[in-house]
Amino acid sequence: MSSKQPSQKKLLRVLSSQSEPIPPIWLMRQAGRYLPEYRATREQAGGFLDLCYNPTQAEEVTLQPIRRYAFDASILFADILLIPQALGQKLWFETGEGPRLTPIENADTLSRDNALTHLAPIFDTVARLSKSLPAETTLIGFAGAPWTVASYMVAGRGTPDQAPALDLAARDAAAFQSIIDMLVAASIDYLAAQADAGAEVLQLFESWAASLEGDDFERWCVAPVAAIIKGLRARGVNVPIIAFPRAAKTHMGDYCAAVQCDALGLDTSANIDAVRAQVGDDMVLQGNLDPQVLVAGGARLDVAVREILAKTKNTPHIFNLGHGIVPQTPPENVTRLIELIRGAPA
Ligand code: CP3
């Protein structure tokens, strides 16, 4: 018998490539506006960024969905755009619209000198959570993948097609590379510090993978994520890493081999059987219920959940959405989702 005890945390067992009869479940953006208790704490904090940088309030909103639903994992409450801010770029959120940054075209005005000091409250939140979470709940830290983060830094906001970043990369690849390199280095520091503070899993969000193909996808999506994971391993960070290249137009087996992730997040459009055939039996897959089906609820939800459970039976799978939960989601539909996965409470 192995002396190594199996983890009491279901998510960590699955991340070591075991299958579980009842899969672990968490939801991307599980702390957020669909919960009245989140809206109340955000109101108290004053604004979204104030909430991110207040460790007791960030801890509170991270715990809210765990109290309500007992998810198997908890994701640190923060944002992928805190890194550009820590590097010196101006960041604010326009109410009802989303993030705004002063646009940049190269890394000249950015510096890593104060980044970890700026981000210290985030590590404090992680440390608090690793003490306050229930023993069976896994704590996930995260960062945005460099291409996705850079697309906001160059445009100064979210864009439907990432045109400003695509244009800069085509016009002045060296300048764009300087931004990507800065993000790779800063993300390694940031994620290593989260792991030191108690994060047990790390996820990289590549929300805008779909805008790149071929050599551009290799250069701006694959290479930077591979460099971050390699850099973390070189620093002795051994926690499992989930890569989420949303709607990437690539062979997922090649992607996983290139970036060396431990699990792959699937977006709503992914065909689970086809991806499984590409990545092999041992790769852990996460996803991919359509967030709009969770809004709809009812019979559509039941059917969609049972279909995913049937397809992923006896495979290492983490139940999740294919993208973040949306503010219109009725909280009781999440209760129903948990019931469909775990069975009705006794
Ligand atoms: O619960 C969690 O998942 C943890 C916290 C988390 C947030 N953002 C909180 C948040 C995480 C993991 C993110 C990731 C993130 N942030 C991504 C990648 C995932 C994705 O959705 O594609 C991106 C692209 C961002 C950047 C960002 N942050 C945008 C574009 C917006 C505005 C859109 C929106 O949903 O309001 C945000 C704001 C944001 N980040 C909110 C939350 C809870 C809403 C802020 C509020 O009004 O309270």
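Read on for a plain summary of the structure. (Residues numbered from 1 in each chain as written. Predicted model: local features only at pLDDT ≥ 70, side-chain atom pairs only at ≥ 80, totals over all residues. Heavy atoms only, no water.)

### Comments concerning the nonpolar core
This is how the line gets drawn: Throughout this description, the term nonpolar core refers to a set of buried Ala, Val, Leu, Ile, Met, Phe, Trp, Tyr and Cys residues connected via side-chain atoms within 4.5 Å. Three labels apply to residues, based on accessible area from a 1.4 Å probe with only protein chains included: buried if under 20% of the type maximum, exposed if over 50%, partly exposed otherwise in between. Contacts are residue-level and defined by heavy atoms, with any inter-residue pair within 4.5 Å sufficient.
With 125 residues, the main nonpolar core has F176 and L289 as its most contacted residues. The contacts of F176, once residues within four sequence positions are left out, are W147, A150, V154, A165, L168, A169 and W220.

### Section: the sheet that holds strand β1 (residues 73–75)
Short version of the rule: Strands were regarded as paired on the criterion that DSSP finds at least two bridges between them. Helix and strand assignments follow DSSP, with helices taken as H or I runs no shorter than four residues and strands as E runs no shorter than two, numbered in order from the N terminus. With axes taken as lines fitted to C-alpha atoms, and helix axes fitted only over the stretch in contact, angles between N-to-C directions fall between 0 and 180 degrees.
If you walk across this open sheet you meet the seven strands as β1-β4-β5-β6-β7-β8-β9, and the pairing is parallel. The outermost strands of the open sheet, each flanked by one partner alone, are β1 and β9 (317–321). The average angle at which neighbouring strand axes cross in this sheet is 25°, direction not considered. Two elements, strand β7 (residues 263–265) and strand β8 (residues 284–289), share three bridges in a ladder whose sense is parallel.

### A few points about the packing of helix α7 (residues 120–132) against helix α10 (residues 173–197)
Our working rule: Any angle that falls under 35 degrees is termed roughly parallel, while one over 145 is termed roughly antiparallel, one within 65 to 115 roughly perpendicular, and all others oblique. Handedness of each helix crossing follows the sense of rotation of the near helix against the far helix: counterclockwise by less than a right angle gives left-handed, clockwise gives right-handed. Each residue gets one label: Ala, Val, Leu, Ile, Met, Phe, Trp, Tyr, Cys and Pro are nonpolar, Asp, Glu, Lys and Arg are charged, and the others, such as Gly, are polar.
Look at α7 against α10: their axes get within 8 Å of each other, and the N-to-C directions meet at 30°. When the axis of α7 is compared with that of α10, the two are roughly parallel. Read as a crossing pair, α7 and α10 show a hand that is right-handed. Where α7 approaches α10, its residues I122, F123, V126, A127 and S130 are matched on the opposing element by Y190, A193, Q194 and A197. A per-class count over the contact of α7 with α10 returns seven nonpolar, two polar and no charged.

### Considering the pairing of strand β6 (residues 241–245)
A regular strand places its side chains so that they alternate between the two faces of the sheet. Convention followed: Crossovers are described as right-handed under a simple rule: with the strands pointing away from the observer, the path leading from the first strand over the helix to the second runs clockwise.
Counting buried residues in β6 gives five out of five residues, a clear majority hidden from the surface. Judged by which residues are buried, β6 turns out to be covered on both faces: I241, A243 and P245 on one side and I242 and F244 on the other are all buried. With five bridges connecting them, strand β5 (residues 201–206) and β6 associate as parallel partners. Bridge pairing in β6 places F205 opposite F244. Here β6 pairs with β7 via two bridges, running parallel. Bridging from a neighbouring strand, A243 pairs with L264 of β7. Taken together, β6, helix α12 (residues 252–259) and β7 constitute a β-α-β crossover, and its handedness is right-handed.

### Let's talk about the site of the ligand
To be explicit about the condition: One heavy atom within 4 Å of a molecule or strand makes the whole residue count as near it. Pairs of N or O atoms are called polar contacts if they sit within 3.5 Å, as long as, within protein, a hydrogen donor faces a hydrogen acceptor (for residues adjacent in sequence, only side-chain-to-side-chain pairs). Accessible surface area values rest on a Shrake-Rupley calculation with a 1.4 Å probe, where residue burial reflects the displayed protein chains alone.
Taken together, 22 residues are adjacent to the ligand, and R29, R33, Y38, R42 and S207 come closest. Measuring from an oxygen atom of the ligand, one finds a side-chain N or O atom of R42 at 2.5 Å. Contact with the protein chains hides 88% of the accessible area of the ligand, taken as 870 Å² for the molecule alone. For the shell around the ligand, the secondary-structure elements that each account for two or more residues are α2 (36–45) and β3 (98–101). Its residues assigned to classes, the shell around the ligand comprises 14 nonpolar, four polar and four charged.

### Let's talk about helix α15 (residues 298–312)
As a reminder of what qualifies: A helix is expected to reach a length of 1.5 Å times the quantity of its residues less one.
In a regular helix each residue adds 1.5 Å, so 15 residues correspond to 21 Å; α15 covers 22 Å between its end C-alpha atoms and thus fits that length. Of all the residues in α15, the buried ones are L301, D302, A304, V305, I308 and T312. Close packing links the buried residues of α15 with α13 (272–279), β8, α14 (291–296), β9 and α16 (331–342). Of the residues flanking the end of α15, it is N314, one or two places downstream, whose phi is positive at about 60°.

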